[in-house]
Amino acid sequence: MTTQYWLVKTEPGTYAWADLVRDKRTDWTGVRNYAARIHLKAMQVGDEVFVYHSGDDKTVFGIARVIKAAFPDTTADEDGWVAVALAPVSPLKQPVTLAQIKADVVLKGMTFVRQSRLSVSPVTPAEFARLKKLGAG
């Protein structure tokens, strides 16, 4: 199976990259957007995921890995919502800002840039490689 790549957005005051590192794993719950739910359902164990802080930060801080594919989200009041389990892989040596992403010819067309309210979005292999390179410093 081919590894897929993703980006998840989080409010750092709610759950930050540092929280994921501290906890060593988390269930990525609380997603209540139908398009984002489709992406969560498509995630497979081993897929790599950029963790992006929205709000004031607007920065990608690290890479996580899917360690459990879609399962029912226990925080949902309705059936059908799902979560995935993530574990941290590595922080970016140089966090990458939204401004850098928008200025980069490879990254400016990323789904999360074009659909800014989407909390879970796919990342192409070329985008993943470029963002990882920028994050290496």
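Before going into details, it helps to say that this report is about the structure given with it.

Calculation notes
Residues numbered from 1 in each chain as written. Predicted model: local features only at pLDDT ≥ 70, side-chain atom pairs only at ≥ 80, totals over all residues. Heavy atoms only, no water. Helix = DSSP H or I, 4+ residues; strand = E, 2+ residues; numbered from the N terminus. Rg over C-alpha atoms; globule rule 2.2 N^0.38 Å. Buried < 20%, exposed > 50% of the residue type's maximum accessible area, 1.4 Å probe, protein only. Contact = heavy atoms within 4.5 Å. Areas by Shrake-Rupley, 256 points an atom, 1.4 Å probe, with all protein chains shown as cover. Lys, Arg positive; Asp, Glu negative; His and termini not counted. Charge placed at Lys NZ, Arg CZ, Asp CG, Glu CD. Salt bridge = Lys/Arg side-chain N within 4 Å of Asp/Glu carboxyl O. Pairing = 2+ DSSP bridges. Axes fitted to C-alpha atoms, helices over the stretch in contact; angles between N-to-C directions. 1 Å grid on protein atoms, 1.4 Å probe; cavity = no way out; pocket = protein on both sides within 12 Å on 5 of 7 lines; lining within 4 Å. Points joined across faces, edges and corners; volume = space filled by probe spheres on them. Nonpolar A, V, L, I, M, F, W, Y, C, P; charged D, E, K, R; others polar.

**Quick look at the overall build of the chain**
- Each helix and strand in the chain was counted, giving 5 helices and 6 strands.
- The N-to-C order of helical and strand elements in the chain reads β-α-β-α-β-β-β-α-α-β-α.
- Computed over C-alpha atoms, the radius of gyration of the chain comes to 14 Å, within 12% of the 14 Å expected from 2.2 N^0.38 for 137 residues, which places it in the range of a compact globule.
- Principal-axis analysis of the C-alpha atoms places the extent of the chain at approximately 40 × 35 × 30 Å.
- Across the 137 residues of the chain, 45% fall into the buried class.
- When contacts within the chain are restricted to residue pairs at least 6 apart in sequence, those whose partners lie at least 24 apart make up 67%.
- Carbon and sulfur atoms provide 53% of the accessible area of the chain, an area that totals close to 7,200 Å².
- Taking the 18 positively charged and 14 negatively charged side chains of the chain as two groups, their mean positions are separated by 7 Å.

**Quick word on the pattern of salt bridges**
- Taken as a whole and assessed by the stated rule, the structure comprises 6 salt bridges.
- A salt bridge links D23 to R22; the nearest nitrogen and oxygen atoms lie 2.8 Å apart.
- For the salt bridge of D104 with R130, the shortest nitrogen-to-oxygen distance reads 2.7 Å. With D104 in the loop between helix 3 (98–103) and helix 4 (111–114) and R130 in helix 5 (residues 125–135), this pair connects stretches of sequence that are 26 residues apart.
- If you follow the salt bridges from partner to partner, you end up with D19, R22 and D23 in one network.

**Thoughts on the sheet that holds strand 4 (residues 59–72)**
- Sheet architecture is open: 6 strands sit in the order 2-5-4-3-1-6, paired in mixed fashion. Two strands close off the open sheet at either side, each with one partner strand: strand 2 (26–28) and strand 6 (120–123). Each strand axis lies, on average, 40° off the axis of its neighbour in the sheet, ignoring direction.
- Note that strand 1 (residues 5–10) and strand 3 (residues 48–53) share 6 bridges and pair parallel.

**Re the layout of surface pockets**
- Put simply, the largest pocket is a space of about 290 Å³.
- If you trace the largest pocket, you find it lined by K9, T10, E11, T14, Y15, T26, D27, W28, T29, V31, S54 and S119.
- For the lining of the largest pocket, the elements supplying multiple residues, two or more each, are strand 1 and strand 2.
- For the lining of the largest pocket, the element with the highest residue contribution is strand 2, accounting for 3 residues.
- Looking at the lining of the largest pocket, its residues break down into 3 nonpolar, 6 polar and 3 charged.

**Re the side chain of K9**
- Turning to its location among the elements, K9 is positioned in strand 1.
- Although buried, K9 forms no salt bridge, and the nearest oppositely charged side chain, E11, lies 8.1 Å from it.
- The residues contacting K9, other than those within four sequence positions of it, are W28, Y52, S54, F112, S116, R117, L118 and S119.

No statement about biological role is implied by the geometric values presented.
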